Amino acid sequence: MRVVLLLVLFAATLGSGLVYFTRLDAGYVLFAWAGYSVEMTAWVFVATICVLLFAVWLVSSVLRYSLGLQFHLSRWFGMRGVSQIHNMTARGLAAFEEGHWVRARKLLAKVADQSENALVFYLLCARASHAMGDTDGVSACLQKASAVAPNASMAINLTQAQLQLSDGALEACLATLIRAHAINEAHPTVLKMLAEVYKGLNDWEKLNALLPQLQNERILSAAEFELLRHRCKCELLMLASKQGLEALNTLWKRQTASLRRHQDLVVVYARCLIELKAFDKAEAVLRQSLKENRHDDLVAIYGQLDGVAPEQRFQFISGLLNKEESSVALLLCAGELAILNNLPGQAKQLLERADQKAPNNETRLALLNFYLTNNETAKAAAVLQKMR
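Criteria and thresholds
Residues numbered from 1 in each chain as written. Predicted model: local features only at pLDDT ≥ 70, side-chain atom pairs only at ≥ 80, totals over all residues. Heavy atoms only, no water. Helix = DSSP H or I, 4+ residues; strand = E, 2+ residues; numbered from the N terminus. Buried < 20%, exposed > 50% of the residue type's maximum accessible area, 1.4 Å probe, protein only. Core = buried A, V, L, I, M, F, W, Y, C linked by side-chain atoms within 4.5 Å. Contact = heavy atoms within 4.5 Å. Arc of directions from axis to C-beta. Patch = residues over 30% accessible without salt bridge, like charges linked within 9 Å, V, L, I, M, F, W, Y side chains within 5 Å. Areas by Shrake-Rupley, 256 points an atom, 1.4 Å probe, with all protein chains shown as cover. Salt bridge = Lys/Arg side-chain N within 4 Å of Asp/Glu carboxyl O. Lys, Arg positive; Asp, Glu negative; His and termini not counted. Charge placed at Lys NZ, Arg CZ, Asp CG, Glu CD.

J.: Provide a residue-level description of unusual backbone geometry, including the pertinent values.
T.: The phi dihedral of N342 falls on the positive side, at around 55°, and the residue is not glycine. The residue N342 is located in the loop between α17 (328-340) and α18 (344-357) in this model. The class of N342 is exposed, set by a relative accessible area of 67%. Even without a glycine there, the phi angle at N375 is positive, about 60°. We classify N375 as exposed; its relative accessible area is 63%.

See the structure below:
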C-alpha cells in the first residue's frame, strides 16, 4: 500500500512539473514534410516522446508476458502429461507383477501409445494377454510391437518363442527360433532355447549338431553341458542300435576317447550290444571299462551277461575283489556268479560280506535265496525276520 501511495505522489509531482514547464517559453518544434507541417512547443514534443517510449515499453512488456505465459502453460501441460504417463507406467507394471493381467494390459497399452519406448510395453502387453489365454491379443500386441520397432525382430521373436514354449507348442516355437537364429546365430538365449526344444522334440541329431556351438559360446555351465551331451549321445546310440549292429559300432567309433570311457555311454552301448546278441563284444567293452571304473551299473550289467560263460565272468570279477574296497555291487555280482559256477562256499562268503558291508533288502534277499536253496532254514528265517 505504501508503495502505491509513493507512486501516486511521484506521478502527481511529475505531472505538475510537466504542466509548469509547458507554460514556460522554451521554444517551438516544427515538422514539415510533403506540404504538411506540425508545430508544437518543445515541452509538448518532449512529453510526446516520453509517451511514445512508454507505449513501446508497455507493448513490449505485454508481448513478453504473453509469450512467457504461453511457455509456462505449455510447460505445465507437458509436465502434467509426463507425470500422468509415469503414473500409468507405475500402476501398469505393479498390476503386471501382481498378476492383474486385464488391468496391466489396459494401462500398459495406453502408455505404449504415448511412449518413446513403445516396444517394451507392447511386449509386456503380449505377455499379459498370454497369461489371460488371449491368443488373438498376443498376436495383436506383437504386431503393434513390430510396427513401432521394425528393427527389433530379435526381441519380438524371442518373446513369441518363450510364450510358445511355455504353451508346449514346440513345433511353432522351433519355427520362431529358427527365424531368430537366422538374425543372430550366436545369440545365447536362442541357442539355449533351441537346445531345450530339440530335446523336447527328441530330435537328437539336431541337438548333437548344436552341441559344438553351445560349448563354444559357453551357453550352459560345464556340468549342464556335460549332462546334456551325455544324454544326447546315449539317445543317439539307442537310435543307432535300431538300425543294426554295424550302425551302432560305427557311431561308437565316432565318439571321442573320453566319451567312450564315460560310464553312462558304456552302460547304454553295452545294453544295446546285449539286445543285438553281441555278447562277446559287450563283455569286452564292459571288461575294459571295469578295469578303470568299477561303477555299480557296469558291474550289474556284467553279472547279467548270460551269453558269456559264467566261469569267464567269475574269474574276471574275482580278480577285481579287494577286501577293504570292494563295493556291495561287486560282492553281490561275484556271489551270484559263484552260485552259477557251483561254488556255494565262496558264494556264501561273498553274499555275507555284502550284507555285512551294507545290510539292506537287496543283500538280504540274495542271502535269503541262497540259504533257502541250500536248506539253511534257520539262517533263512533270521534273514527274513530282519527284512520285516
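This is not the end of the story, as more comes after the structure.
J.: Got a sec to walk through the nonpolar core? Specific residues and values, please.
T.: Core analysis: the biggest nonpolar cluster contains 76 residues, and L177, L214, L237, L286 and I317 have the highest contact counts within it. Other than its neighbours up to four places away in sequence, L237 contacts L248, L251, W252, L265, V268, Y269 and C272. Core analysis: the next-biggest nonpolar cluster, separate from the first, contains 25 residues, L108, L119, L124 and A145 among them.

J.: I'd love a proper account of helix α11 (residues 245-254), names of residues and values included.
T.: Every buried residue of α11 is listed here: L248, N249, L251 and W252. The buried residues of α11 occupy one face: seen down the axis, they fall within an arc of 160°. More than 90 degrees from the buried face of α11, the exposed residues found are E246, K253 and R254.

J.: Report on a nonpolar patch on the surface, specifying residues and quantitative values.
T.: Residues I49, L52 and L53 make up a contiguous nonpolar surface patch of about 280 Å² in total accessible area. Tracing the sequence through the fold places L53 in helix α2 (residues 42-98).

J.: Kindly report on a positive patch on the surface, identifying the contributing residues and their values.
T.: Residues R91, R103, K106 and K110 make up a contiguous surface patch of positive charge. Here the element with the most residues in the positive patch is helix α3 (residues 101-114); it accounts for 3 residues. Tracing the chain through its elements places R103 in helix α3. Classification of R103 as partly exposed rests on a relative accessible area of 46%.

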